[in-house]
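# Fold and contact review
The residues making up each chain are set out below.
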Amino acid sequence: MRRGLKYVPPALLLLALLELTVFVLVGRAVGFGAAVLLVFGASLLGLVLLRREGMRAWRGFRAAAQAGRPPGAEVTDGLVGLLGALLLALPGLVSGVVGLLLLVPPLRRLAGGGVRRATERRVSSMVAGDLFGPRRVRVYRGAPQPAPEPSPAPAPQPVTDPGKAIEGEIVDR
């Protein structure tokens, strides 16, 4: 993660240049005053949506917590909504379009799935289970796998009762 931080300043510079270029092109196409009003209106809409999305995310999180459900879906949906509103609130046409796209429900779900997968890769299985609920694992039928070679010092086998189910979770290593 820290290795990527060195790319933040050049990326912000490129974003500023892109925003300026798009603003000039739009200003030439529709007029300078109309372009300024467009940027101002998008930022004002973003500020209004920022408050609404924040309240919506908080209500969703509280409802999930009160119902005893893992709040991961509500948290990721809220984060994507807040990011979309924040990008819309930033002055700029490119960031406004990206922010508006993140507020469209199908693209919002797609981005939320990406946030979930990225989070699951970066946190332990136990934390991911607490946040998103039990993991869904795909199991494919196939040829039986050969048993592993026995080790010289076999590990002690846990004693289980064959008549009872044992509760647990799959832990990735």
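Refer to the structure printed above.
Thresholds applied
Residues numbered from 1 in each chain as written. Predicted model: local features only at pLDDT ≥ 70, side-chain atom pairs only at ≥ 80, totals over all residues. Heavy atoms only, no water. Helix = DSSP H or I, 4+ residues; strand = E, 2+ residues; numbered from the N terminus. Buried < 20%, exposed > 50% of the residue type's maximum accessible area, 1.4 Å probe, protein only. Contact = heavy atoms within 4.5 Å. Areas by Shrake-Rupley, 256 points an atom, 1.4 Å probe, with all protein chains shown as cover. Arc of directions from axis to C-beta. Axes fitted to C-alpha atoms, helices over the stretch in contact; angles between N-to-C directions. Parallel < 35°, antiparallel > 145°, perpendicular 65-115°, else oblique. Left-handed = near helix turned anticlockwise from the far one by under 90°. Nonpolar A, V, L, I, M, F, W, Y, C, P; charged D, E, K, R; others polar. Patch = residues over 30% accessible without salt bridge, like charges linked within 9 Å, V, L, I, M, F, W, Y side chains within 5 Å. Salt bridge = Lys/Arg side-chain N within 4 Å of Asp/Glu carboxyl O.

### Some details on the overall build of the protein chain
- Of the regular secondary structure elements, the protein chain holds 6 helices and 0 strands.
- Along the chain direction, N to C, the helices and strands of the protein chain fall in the order α-α-α-α-α-α.
- In the protein chain, which comprises 173 residues, the share counted as buried stands at 22%.
- Within the protein chain, contacts between residues separated by at least 24 positions form 58% of all contacts whose residues are at least 6 apart in sequence.
- As displayed, the protein chain has an accessible area near 13,700 Å², and 68% of this comes from carbon and sulfur atoms.

### Comments concerning helix H6 (residues 125-132)
- Those residues of H6 that fall on the buried side of the exposure criterion are Ser125, Ala128 and Phe132. Projected onto a plane normal to the axis of H6, the buried residues spread over an arc of 60° and lie on a single side. Exposed residues pointing more than 90 degrees away from the buried face of H6 are listed as Met126 and Asp130.
- Where H6 is buried, its residues touch helix H3 (72-89) and helix H5 (105-122).
- Immediately downstream of H6, the backbone of Gly133 shows phi near 90°, a positive value.

### Quick look at the environment of Glu120
- Looking at where Glu120 falls in the secondary structure, it is placed in helix H5.
- Take Glu120: its relative accessible area is 17%, and that puts it in the buried class.
- Distance in space between the C-alpha atoms of Glu120 and Phe132 is 8.8 Å, their sequence separation being 12 residues.
- Setting aside its immediate chain neighbours within four residues, Glu120 contacts Ala128, Phe132 and Arg135.

### Observations concerning the packing of H3 against helix H4 (residues 93-102)
- At a minimum axis separation of 7 Å, H3 and H4 run at an interaxial angle of 155°. What the angle tells us is that H3 and H4 run roughly antiparallel. Our pair here, H3 against H4, has a crossing hand that is left-handed. For the pair H3 and H4, contact is made by Val80, Leu83, Gly84, Leu87 and Leu88 and by Ser95, Gly96, Val98, Gly99, Leu100 and Leu102, respectively.
- Taken together, the residues of the contact of H3 with H4 break down into 7 nonpolar, 4 polar and no charged.

### What to know about a nonpolar patch on the surface
- Taken together, the side chains of Leu5, Val8, Leu12, Leu15 and Leu18 present a nonpolar region at the surface, about 430 Å² in accessible area.
- Relative to the assigned elements, Val8 resides in helix H1 (residues 8-30).
- The class of Val8 is partly exposed, set by a relative accessible area of 38%.

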